[in-house]
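Here's the letter readout for the chains.
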Amino acid sequence: IGNIRYRIQDKCSIYLAFYILYFLSCFLFVLLIGCGEKEDKNLLNARELIQQGKYTNSQEISQIRTELQKVLAKDPNNPEALCPIKAVDIIDKKVDPKTAINEIMSLLKPLDEKIKQLESIDKALVTDEEKNELSKFYRKWNLSLEPAIIIMTSDTEWIENSGDSAFDFLIESLKVAK
């Protein structure tokens, strides 16, 4: 009988240890997932408004502009906010389209250079970290340019006054489409 008691206690302690490890690993998993890079709430709001097509009247444009300016107050060089705000300014006729398109293109140039640099690495030699970095740059590129494209294709009047810049922008937008 004494042997059976020890076996039962040993089984209970094994189960207890198992459950403790299980809950500890679940807690660590949730903690690690929760510590990832967080999206800016204002940027998400602006993207949602743009996706819904809410940039046709001055009140909607003002709401998008306000959300993007809140993002720029925190990070003045954020291309994900700067590109759409330039596009809103073009559609709202607050800036010269040619100048604004050139500014959008210059905002994307550093991202483009980083992407090209990572893409030039031999596929067999690319590390997981470099793959993740490339993925991050592609995402930032798309999140910067896509809202601007959506806004600017809603009204094509600006194209008449922008010349070659419009074609440059069209080529860049095709990269996003792929």
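Residues numbered from 1 in each chain as written. Predicted model: local features only at pLDDT ≥ 70, side-chain atom pairs only at ≥ 80, totals over all residues. Heavy atoms only, no water.

Would you mind showing me how to read the packing of helix 2 (residues 41-51) against helix 3 (residues 58-74) here?
Two quantities define a packed helix pair, namely the angle between the helix axes and the distance between the axes. Where helix 2 meets helix 3, the axes come as close as 8 Å, and the angle between the chain directions of the two elements is 155°. Between helix 2 and helix 3, the interaxial angle falls into the category roughly antiparallel. Where helix 2 crosses over helix 3, the handedness of that crossing is left-handed. Along its contact with helix 2, which presents Asn42, Leu43, Asn45, Ala46, Leu49 and Ile50, the element helix 3 presents Gln63, Ile64, Glu67, Leu68, Lys70, Val71 and Lys74. Taken together, the residues of the contact of helix 2 with helix 3 sort by class into seven nonpolar, three polar and three charged. (Axes fitted to C-alpha atoms, helices over the stretch in contact; angles between N-to-C directions. Helix = DSSP H or I, 4+ residues; strand = E, 2+ residues; numbered from the N terminus. Parallel < 35°, antiparallel > 145°, perpendicular 65-115°, else oblique. Left-handed = near helix turned anticlockwise from the far one by under 90°. Contact = heavy atoms within 4.5 Å. Nonpolar A, V, L, I, M, F, W, Y, C, P; charged D, E, K, R; others polar.)

Any chance you could explain the packing of helix 2 against helix 6 (residues 128-152) here in plain terms?
Orientation of helix 2 relative to helix 6, taken along the N-to-C sense of each, is 35°, at an axis distance of 10 Å. For the pair helix 2 and helix 6, the sense of crossing is left-handed. Along the contact surface, helix 2 presents Arg47, Ile50 and Gln51, while helix 6 presents Leu143, Glu146, Pro147, Ile150 and Ile151. Of the residues belonging to the contact of helix 2 with helix 6, the class tally is five nonpolar, one polar and two charged.

I tried to follow the side chain of Glu60 on my own but got confused; where do I start?
Within the secondary structure, Glu60 sits in helix 3. It is Lys54 that comes nearest to the buried, bridge-free Glu60 among opposite-charge side chains, at 6.0 Å. Setting aside anything within four residues of it in sequence, one finds Glu60 in contact with Gly53, Lys54 and Tyr55. (Buried < 20%, exposed > 50% of the residue type's maximum accessible area, 1.4 Å probe, protein only. Lys, Arg positive; Asp, Glu negative; His and termini not counted. Salt bridge = Lys/Arg side-chain N within 4 Å of Asp/Glu carboxyl O.)

Before we go on, may I ask you to explain helix 4 (residues 79-91) in this structure?
Since the α-helix turns once every 3.6 residues, residues separated by three or four places project in the same direction. The terminal C-alpha atoms of helix 4, which comprises 13 residues, lie 18 Å apart, in line with the 18 Å expected from a rise of 1.5 Å per residue. Most of helix 4 is tucked away: 12 of the 13 residues are buried. For helix 4, every residue scored as buried is listed here: Pro79, Glu80, Ala81, Leu82, Cys83, Pro84, Ile85, Ala87, Val88, Asp89, Ile90 and Ile91. Where helix 4 is buried, its residues meet helix 2, helix 3, helix 5 (97-119) and helix 6. With a side-chain oxygen lying 2.8 Å from the backbone nitrogen of Glu80, the N-terminal cap of helix 4 falls on Asn78. Directly after helix 4, the chain includes Lys93, whose backbone phi takes a positive value near 60°. (Expected span 1.5 Å × (residues − 1). Polar contact = N/O pair within 3.5 Å; in protein donor to acceptor, adjacent residues only side chain to side chain.)

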